[in-house]
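# Overview (structure and organization)
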Amino acid sequence: MKNSEIWIAFYTILVREIRRFTRIWPQTLLPPAITMTLYFAIFGNLIGDRIGEMGGFSYMQYIVPGLIMMSVITNSYSNVSSSFFSAKFQHSIQELLVSPTPNWVILLGYVLGGVARGLFVGFIVTILSLFFTHLALENLFLTVLVVCLTAIMFSLGGFVNAIYARSFDDVSIVPTFILTPLTYLGGVFYSIDLLSDFWQSVSLLNPVLYMVNAFRYGILGVSDINIYWALVMVSVFIVVLFWYGLRLLNQGKGIRS
Amino acid sequence: MTYAIEISDLKKRYESGFEALKGVNLTVEKGDFFALLGPNGAGKSTTIGILCSLVNKSSGKVAIFGEDIDKNFAKAKQYLGVVPQEFNFNVFETVFNVVVTQAGFYGIDKETAAKRAEKYLKELDLWDKKDVQSRMLSGGMKRRLMIARALIHEPEVLILDEPTAGVDIELRRSMWEFIKGLNENGTTIILTTHYLEEAEQLCRNIAIINAGEIVENTSVKALLKTLNQETFILDLDQALPLDWSIEGFNVVLNNDGSSLEVEVVKGQSINRIFSALDQANVNVVSMRNKSNRLEELFVKLIKG
């Protein structure tokens, strides 16, 4: 395929992915908006007032970056895992497989579809948070960079999950039993300074902690971890997951017999 | 000579150990109307799956318009349009979007895609359904939608896997007229079908596959010439005695003697049967083949 044709194929996949999650907005965009509003109201306002300050900010301000990041992580992941698995399930993935679209374009199209949903939901949650608190933006470039890299990384994770999934249960196992605990224990609601040395060390093994803190640093200017280390780690994860996802696609794992 | 499809020593063993293809050799000429026949599990779908990249081959060579799929699969895929047996489009997309999105996967710009979508959806009587979600279509419409989708990049070869399964007679005929038109305009057609009379009427060349091997690959005419016996059923205006017979023919009467089944060997004249019936003062009111000629051959070849 010529470069112009490859671009059209990529654009087609991306537009189709965006069309999918906007068409089913009551399932994709509305739930995180409602859930996060409840978080803001209950944890931020009702309970947060009694907790007091954290990292030099009100509890509400402290948890907002984490909650935005939590929305981005879960939505970018689940968009790709459910979309690609649905395509496998109803065999519409064959439309792409019979076409000359290169596998790396298929992967990129699905991943950026997930990124689009992650960022869109992140934007909605950010707007909603402004009804509850004031957000100062410390470092715009870092904030955007971290949220984009995180969305890419978890979209890739969702893709690998969908490749291996054989049933809809398999699509929900990772988010429920791995992603959610990692996110809740990834410093969304607290600073790891509150933990004992042992649990601080354990927390440092959680990749979500780095993303949440890097994002929080971009917005509030406070972090529990080294930002550069966080960026390097996310970048390495992206490279490894992209390579692995592409390898699975080239092998036809789960999609070719 | 460059063939539309050239398959040599194609083998496929699934992870379960099942050997679906045991060294298939097959060529399809450009512009041909080709039938690939075989019983369920013979290897038809596996062969087609390998051609269009849905199945990984174990070994062997496949070339589409001279392009080796191991060396330049992207180019080879450009030549192929596939209409699978099962519906495989996104059922929540509109008819128009299903077709235009497929064009995008082939790198066709939006404007060209929209024009072609209109052309093929109109030709296949789906234009008035263009904004309908594809899940709302009837079975026949869904099948026509898959044909329109397969044609959107105007392929040189169109593969149709059981395209008329579950389609009513009228629609089936109109689909065949459409596909015949494509073939007359130069598109190579490869089809698998269980309706053998369709293969007999439409196809020029034929391959019969059984248990992963090609057991016959020739022209339909040449194949039919090998048929050395046909069975006719004659409906009579009055009953014959059940022990009625005629020398040189194997004759079977139905329970009340009003219908006669007679086997005629190639070269044998059936005039003698009419003469014998005339002498018995019995008239023939209708006459037909007991089964499709190709079907008889097919069964014979498969049984080995």
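In case you missed it, the structure is sitting above this.
Here's a quick rundown of the structure. Residue numbers here run from 1 along each chain, matching the order of that chain's written sequence. Each chain is given a letter, starting from A, and each ligand a number, starting from 1, according to the order in which they appear as written. Reporting of local features is limited, given that this is a predicted model, to residues whose pLDDT is at least 70; pairs of side-chain atoms are given and counted only at 80 or more, and all residues count toward the totals for whole chains, interfaces and linings. Neither water nor hydrogens contribute to the side-chain values; these are computed over all heavy atoms in the structure.

Residues and elements named next belong to chain B. Any Lys or Arg side-chain nitrogen found within 4 Å of a carboxyl oxygen on Asp or Glu counts as a salt bridge. Applying the stated rule across the entire model yields 14 salt bridges over all chains. The closest approach of N and O atoms between E118 and K122, which form a salt bridge, is 2.6 Å. Taken as a pair, E118 and K122 lie in helix α4 (residues 110-123) at a separation of four residues, close to a single helical turn. Using a relative accessible area of 30% as the deciding quantity, one classes E118 as partly exposed. Note on classification: 1.4 Å probe, protein chains only; a residue is buried when its accessible area is under 20% of the maximum for its type, exposed when over 50%, partly exposed between these limits. Taking relative accessible area as the criterion, K122 reaches 43% and is therefore assigned partly exposed. One salt bridge in this structure joins K119 and E154, with 3.7 Å as the shortest N-O distance. Placement of K119 in helix α4 and of E154 in the loop between α5 (139-151) and β7 (157-161) is noted, with a sequence separation of 35 residues between them. Given the relative accessible area of 38%, K119 is considered partly exposed. Each helix is a run of H or I in the DSSP string that is no shorter than four residues. Each strand is a run of E no shorter than two, and both are numbered from the N terminus.

Residues and elements named next belong to chain A. Every angle, taken between N-to-C directions, lies between 0 and 180 degrees, and every axis is a line fitted to C-alpha atoms, over only the stretch in contact when it is a helix. Relative to each other, helix α10 (residues 207-220) and helix α11 (residues 227-251) sit at 125 degrees, their axes nearing to 9 Å. Taken together, the axis directions place α10 and α11 in an arrangement best described as oblique. When you trace α10 past α11, the crossing you get is left-handed. Touching P207, Y210, M211, N213, A214 and Y217 of α10 are I227, W229, A230, M233, V234 and F237, all from α11. Among the residues forming the contact of α10 with α11, the class breakdown is eleven nonpolar, one polar and no charged. By the definition adopted for this analysis, an angle is roughly parallel if under 35 degrees, roughly antiparallel if over 145, roughly perpendicular if from 65 to 115, and oblique otherwise. Each crossing gets its hand from how the near helix is turned against the far one by less than a right angle, where anticlockwise is left-handed and clockwise is right-handed. Residue contacts are defined here by distance: any two heavy atoms, one from each residue, within 4.5 Å place the two residues in contact. Following the grouping adopted for this structure description, the nonpolar residues are Ala, Val, Leu, Ile, Met, Phe, Trp, Tyr, Cys and Pro, the charged ones are Asp, Glu, Lys and Arg, and the polar ones are all others, Gly among them.

Grid points spaced at 1 Å and placed over the protein atoms alone form the basis of the search, with a cavity being a set where a 1.4 Å probe fits but cannot get out and a pocket an open set showing protein on both sides within 12 Å along at least five of seven lines. Lining residues have an atom within 4 Å of a point. Grid points are joined across faces, edges and corners, and a volume is the space filled by probe spheres set on the points. Counted under the stated rule, the structure contains four cavities of 30 Å³ or more. Space inside the largest cavity adds up to approximately 100 Å³. In terms of lining, the largest cavity is formed by 14 residues, of which the most central are A:Q94, A:V98, B:V82, B:Q102 and B:R149. Within the residue set of the lining of the largest cavity, elements represented by two or more residues are α5 (93-97) of chain A together with β6 (80-83) and α5 of chain B. The element that contributes the greatest number of residues to the lining of the largest cavity is β6(B), accounting for three residues. When the residues that make up the lining of the largest cavity are grouped by side-chain class, the tally is seven nonpolar, five polar and two charged. Empty space within the second largest cavity amounts to approximately 60 Å³. B:I5, B:I7, B:L26, B:V28, B:F34, B:L36, B:T47, B:I48, B:L51 and B:I190 are the residues that line the second largest cavity. Among the secondary structure elements, those contributing two or more residues to the lining of the second largest cavity are β1 (5-13), β2 (19-28), β3 (33-37) and α1 (44-51) of chain B. The element best represented in the lining of the second largest cavity is α1(B), accounting for three residues. Of the residues assigned to the lining of the second largest cavity, the class counts are nine nonpolar, one polar and no charged.

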